[in-house]
Amino acid sequence: MDATLGISVALLRPLAELLNQLDLDGPRFLQDLGVDDQMAPNTYVSAAEVDRLLAAIGDARRDPAFSLTLAKLASARPLGLFGHLIWLSGTVRDALERAVKFYVVVTRRTTLVMEERGGIATIRQVPASPAIPRGRILTEFPFASLALRARAATGGRFALHAVRFAHAGEGTATYADVFGVDVEFGAKQDAIEIAVDKLALPLLGSDPITSAAIETKIAQLLSAAPADRFLDRVRRAAGDGSPAAIAKTLGISERTLRRQLAQYGTNLRELTDDAQRARAEALLATGKTVKEVAFELGFSEPSAFSRAYKRWTGKAPSST
């Protein structure tokens, strides 16, 4: 499974620290995932493997609510760089808007979407690809962490309106205690609802200046090499033809391909043009004629290629 849709090292290292607090082997957890000390925080690891290991740990502990156990530990202080970014914000709304915007820091398997309607704000977890399964622990953990941390950061004034999970489960007293409401399982989507007036609550310990500095650092992190590697893979696959064929070559769905490209501020047309331009320039440099290059690139007529080349470079291919 493509690790570009996985879980980031920026989340896995803090998770390992939580495991240490439970007298579990956090370093072994990272080792089993192939994470070492030199690995950059913006490296993504197979989400399926993370799910498998966490589920095995929960089973070994005979803890059916292991996601909530981890969330309770995480509520003591912000979890990693992402947590500090969120909970040093000024208000609950600021925190949630940053969480939605920068959720890609912790995972590319799922995005967050926040919508407001009728006095209720809904935050949904949206899978990058419906074909990619998601484990229960990492589905429940972010919402449980949010509920507990927001409650602590507002002096107990924050409360959820509703909690829904798509997977099967049982709304035990532990779930009701963590979320403050009855939890619905077997729902159509993974989502929480919050009364809009709760979004204006100020956060204790707010430090907007530090939070803004962290946001700048995270923005730099997101623009680093992993994005470039993914875009390079798309460019290399661009010669395979249709968007469906390119997505198949990358081992992801066409919808996921488009969503990933949008996260990087580009689209398939731009990357395909880049790949075609680079290939055209390389072929022309070998001395091939415009007609030969046009047909090699799949254009029906040399004139169509010439128009495309001028759009790409601002000059005619015959002038190269």
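Scroll up to find the structure.
The paragraphs below set out a description of the structure included in this document.

What counts, and where the lines are drawn
Residues numbered from 1 in each chain as written. Predicted model: local features only at pLDDT ≥ 70, side-chain atom pairs only at ≥ 80, totals over all residues. Heavy atoms only, no water. Buried < 20%, exposed > 50% of the residue type's maximum accessible area, 1.4 Å probe, protein only. Helix = DSSP H or I, 4+ residues; strand = E, 2+ residues; numbered from the N terminus. Pairing = 2+ DSSP bridges. Contact = heavy atoms within 4.5 Å. Polar contact = N/O pair within 3.5 Å; in protein donor to acceptor, adjacent residues only side chain to side chain. Salt bridge = Lys/Arg side-chain N within 4 Å of Asp/Glu carboxyl O. Arc of directions from axis to C-beta. Axes fitted to C-alpha atoms, helices over the stretch in contact; angles between N-to-C directions. Parallel < 35°, antiparallel > 145°, perpendicular 65-115°, else oblique. Nonpolar A, V, L, I, M, F, W, Y, C, P; charged D, E, K, R; others polar. Phe/Tyr/Trp six-rings, centres within 6.5 Å; stacked < 30°, edge-to-face > 60°. Left-handed = near helix turned anticlockwise from the far one by under 90°.

Counted residue by residue, strand S7 (residues 190–195) has six buried out of six residues, so it is predominantly covered. Judged from the six bridges that link them, strand S4 (residues 120–127) and S7 form a sheet pairing that is antiparallel. Residue pairing in the sheet places isoleucine 120 in a bridge with alanine 195 of S7. Both strand S5 (residues 162–164) and S7 contribute to a ladder of three bridges, which runs antiparallel. Directly across from valine 163, in S7, lies its bridge partner isoleucine 192.

In this fold, glutamine 125 is placed in strand S4. Sequence separation between glutamine 125 and alanine 247 is 122 residues, and the spatial gap between their C-alpha atoms is 23 Å. For glutamine 125, the residues in contact, after removing those within four places along its chain, are Thr110, Thr111, Leu112, Arg134, Thr139, Pro142, Phe143 and Asp190. At a separation of 3.0 Å, a polar atom in the side chain of glutamine 125 contacts the side chain of arginine 134.

Moving on to the pattern of salt bridges. In the structure shown here, the tally under the stated rule is 17 salt bridges. Across the salt bridge formed by glutamate 17 and arginine 77, the nearest N and O atoms sit 3.6 Å from each other. One end of the pair, glutamate 17, is in helix H1 (residues 9–21); the other, arginine 77, is in the loop between helix H4 (66–74) and helix H5 (80–87), and 60 residues separate them in sequence. Put simply, aspartate 32 and arginine 28 hold a salt bridge, and the shortest N to O gap is 2.8 Å. Taken together, the residues aspartate 32 and arginine 28, both in helix H2 (residues 26–32) and four residues apart, mark about one turn of the helix. Looking at aspartate 32, the relative accessible area reads 37%, which means it is partly exposed. Here the salt bridges share partners, and the residues they tie into one network are Arg93, Glu97 and Glu116.

In this section: helix H11 (residues 243–250). Listing the buried residues of H11 in full gives Ile246, Ala247 and Leu250. Seen from one end, H11 has its buried residues packed into an arc of 100°, which puts them on one side. A positive backbone phi angle near 80° is found at glycine 251, which sits one or two residues after H11.

The contact between H1 and H4 brings their axes to 10 Å, and the two run at 95°. Judged by the inter-axis angle, H1 sits roughly perpendicular to H4. Contacts between H1 and H4 involve Leu18, Leu19 and Gln21 on the former and, on the latter, Phe66, Leu70, Leu73 and Ala74. Tallied by class, residues from the contact of H1 with H4 come to six nonpolar, one polar and no charged.

The next subject is the packing of aromatic side chains. To describe a pair of aromatic rings, one takes the distance between the centres and the angle between the planes. Enumeration according to the criterion identifies 11 aromatic pairs in this entry. Linked through ring pairs, Phe143, Phe165, Tyr175, Phe179 and Phe185 together constitute an aromatic cluster.

Further remarks concern the pairing of S4. Each regular strand carries side chains that alternate between the two faces of the sheet. Of all eight residues in S4, seven are buried; the element is thus mostly enclosed. The sheet contact formed by strand S3 (residues 110–117) and S4 spans eight bridges and is antiparallel. Of the residues in S4, the one forming a bridge with arginine 117 is isoleucine 120.

To continue, consider the packing of H5 against helix H9 (residues 208–222). What describes two packed helices is the angle between their axes and the distance between those same axes. Close contact between H5 and H9 brings their axes to 8 Å; oriented N to C, the two are set at 140°. By the angle between their directions, the pair H5 and H9 is classed as oblique. Of the two possible hands of crossing, H5 and H9 adopt the one that is left-handed. Across from Leu81, Phe82, His84 and Leu85 in H5, the residues of H9 making contact are Ser211, Ile214, Glu215, Lys217 and Ile218. Classifying every residue of the contact of H5 with H9 by side-chain character gives five nonpolar, two polar and two charged.

Pairing within the open sheet is mixed, and its five strands lie in the order S3-S4-S7-S5-S6. Of all strands in the sheet, those bounded by a partner on one side alone are S3 and strand S6 (183–184). Docked against the sheet, helix H6 (residues 92–102) engages S3, S4 and S7, running at close to 140° with respect to S3.

Geometry only, nothing functional implied.
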